[in-house]
Amino acid sequence: MAHKLLKLPSVLLPLLAMLALATVLGASGCGKSISGPAKMVPLTLKTQAGGTAATRVLRAAGLVAADSDTVHVDVTFTRALLVVRDVKFHATETDSEGSDGEEQVAESDSLGDAENDSTHSEDGGGIAFRGPFVIDLLSHHADVLDTQMVPPGLYAQVQGHLQALHAGDAAATPDLSFLVGSTIDLEGTIGGDGGGAFTYRARIDDEFVIHGHFTVQSDTPATAFLVFNVDGMLVDSRGRFLDPRDPANDQAIRSAIRHAIKVGLDDNHDGELDGDEGHE
């Protein structure tokens, strides 16, 4: 006796095929969820100057009556430039036993060859912004240094390097030829008796590390700021004036410049610095 084949309507064939594929995938998955890599989000690095072009600080001389005008000196900056070679945000490895982000800095206390300018790379559990960047410390607006795609997560600290501008750097434009060989250029006038014009230029090859947590959220662009306190660059830890014309103050000024750099956060994602949120 011949058997007749059951002929299904053509409209049902695609539905049956999809059902069969879903059954196979469900069986092969064995209840395990498949997750892909985290979606990268843009992180923009900006700079913001703090302080003013004119400031009043205590004289370094051992004078009394700190509330008297006679113990202060007025300093007015006419130009202030700083060269930042590179900046790196270190990620916190929360899934690594005993890792809190500090070890990553110990393993990579340099961002690589500083001569390798204008390159961008991710290494050592973080994201690096490579310059060099010439920062105008008297600017009243935020300058965008760079934007990179980064994985979301917690970044534990910011590490960067100050280094002199080189003749072959992309940032060494003809207008900045006077800065080649130097890291910092401070110019201005000192008021009062014994005052006058000053120019302080120095080559500073130094590293700065700023501790503080910065979270990059999934699917949300993030902005971080390097904040430079101009008012603190010619004062010591006690707030006393460091005359840039005196060679004896050179090392103290270098230290003051390094400690005048902070990191600012944009937690509300409006592209603006959220108040004074720097971390040492």
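Residues numbered from 1 in each chain as written. Predicted model: local features only at pLDDT ≥ 70, side-chain atom pairs only at ≥ 80, totals over all residues. Heavy atoms only, no water.

This part is about the pattern of salt bridges. Pairing between side chains of opposite charge can happen when their charged atoms approach one another. In this structure the tally under the stated criterion is ten salt bridges. As a salt-bridge pair, arginine 79 and aspartate 185 come within 3.2 Å of each other at their nearest N and O atoms. Within this pair, whereas arginine 79 is found in strand E3 (residues 72–91), its partner aspartate 185 is found in strand E8 (residues 184–190), the two being separated by 106 residues in sequence. A residue is classified by how much of its surface remains accessible, and arginine 79, at 30% relative accessible area, is partly exposed. Across the pair arginine 201 and glutamate 187 runs a salt bridge whose closest N-O atoms are separated by 3.4 Å. Residue arginine 201 is found in strand E9 (residues 196–202), and its partner glutamate 187 is found in strand E8; the two are separated by 14 residues along the sequence. (Salt bridge = Lys/Arg side-chain N within 4 Å of Asp/Glu carboxyl O. Helix = DSSP H or I, 4+ residues; strand = E, 2+ residues; numbered from the N terminus. Buried < 20%, exposed > 50% of the residue type's maximum accessible area, 1.4 Å probe, protein only.)

Right, let's talk about the packing of aromatic side chains for a bit. A full pass over the atoms with the stated rule returns three aromatic pairs. Between the aromatic rings of phenylalanine 77 and phenylalanine 198, the centroid separation amounts to 6.1 Å while the plane-to-plane angle is 85°, which identifies the pairing as edge-to-face. Separated by 121 residues along the polypeptide, phenylalanine 77 in strand E3 and phenylalanine 198 in strand E9 bring together distant segments of the chain. Judged by relative accessible area, which is 4%, phenylalanine 77 ranks as buried. For phenylalanine 198, a relative accessible area of 4% puts it in the buried group. Centroid distance phenylalanine 89 to phenylalanine 129: 5.9 Å. Interplanar angle 75°. Geometry classified as edge-to-face. Of this pair, phenylalanine 89 sits in strand E3 while phenylalanine 129 sits in strand E5 (residues 126–136), placing them 40 residues apart in sequence. (Phe/Tyr/Trp six-rings, centres within 6.5 Å; stacked < 30°, edge-to-face > 60°.)

So, on to the environment of aspartate 185. Looking at aspartate 185, the relative accessible area reads 0%, which means it is buried. Taking the C-alpha atoms as reference, aspartate 185 lies 9.9 Å from leucine 137; in sequence the two are 48 residues apart. Aside from chain neighbours lying at most four places away, what touches aspartate 185 is Arg79, Ala80, Leu81, Phe178, Leu179, Thr199, Tyr200 and Arg201. Only 3.2 Å separates the side chain of aspartate 185 from the side chain of arginine 79, close enough to count as a polar contact. (Contact = heavy atoms within 4.5 Å. Polar contact = N/O pair within 3.5 Å; in protein donor to acceptor, adjacent residues only side chain to side chain.)

Attention now moves to unusual backbone geometry. For residues besides glycine, phi is generally negative; the peptide bonds are generally trans as well. A cis amide bond links glycine 131 to the next residue, proline 132, at an omega of 10°. Here proline 132 is to be found in strand E5. Backbone geometry at aspartate 219 places phi at a positive 60°, although glycine is not the residue there. Structurally, aspartate 219 can be placed in the loop between strand E10 (206–216) and strand E11 (222–229).

On to the pairing of E9, then. Looking at chain direction, E8 and E9 are connected through seven bridges and run antiparallel. Bridge assignment links aspartate 185 to a residue of E9, and that residue is arginine 201. Connecting E8 to the next strand, E9, in antiparallel fashion are five residues, including glycine 192 with a positive phi near 85°. (Pairing = 2+ DSSP bridges.)

With that settled, the discussion passes to the sheet that holds strand E12 (residues 261–265). Reading across the sheet, the four strands line up as E6-E1-E11-E12 and stay open at both edges, with mixed pairing between neighbours. If you trace the sheet from one side to the other, it starts and ends with strand E6 (143–150) and E12, each paired once. Looking at each pair of strands side by side, their axes are set apart by 25° on average, direction ignored. Note that E11 and E12 share five bridges and pair antiparallel. In the sheet register, phenylalanine 228 faces E12, and the bridge partner there is isoleucine 261. (Axes fitted to C-alpha atoms, helices over the stretch in contact; angles between N-to-C directions.)

As for its placement among the helices and strands, isoleucine 127 is situated in strand E5. In sequence terms isoleucine 127 and lysine 88 are 39 residues apart; their C-alpha atoms lie 5.6 Å from each other.

A few words on the confidence of the model for the chain. For the chain, per-residue confidence averages 74 on the pLDDT scale, and residues scoring 70 or more make up 68% of the total. Taken element by element, the chain is modelled with least confidence in helix H2 (residues 102–107), mean pLDDT 30, and with most confidence in E9, mean pLDDT 96. Note that residues 62–67 has pLDDT below 50 and, in this model, seven contacts with residues that lie over four places away or in other chains. Residue range residues 276–280 is modelled with pLDDT below 50. Its contacts to residues more than four positions away, or to other chains, number 16 contacts. (pLDDT = per-residue confidence, 0-100.)

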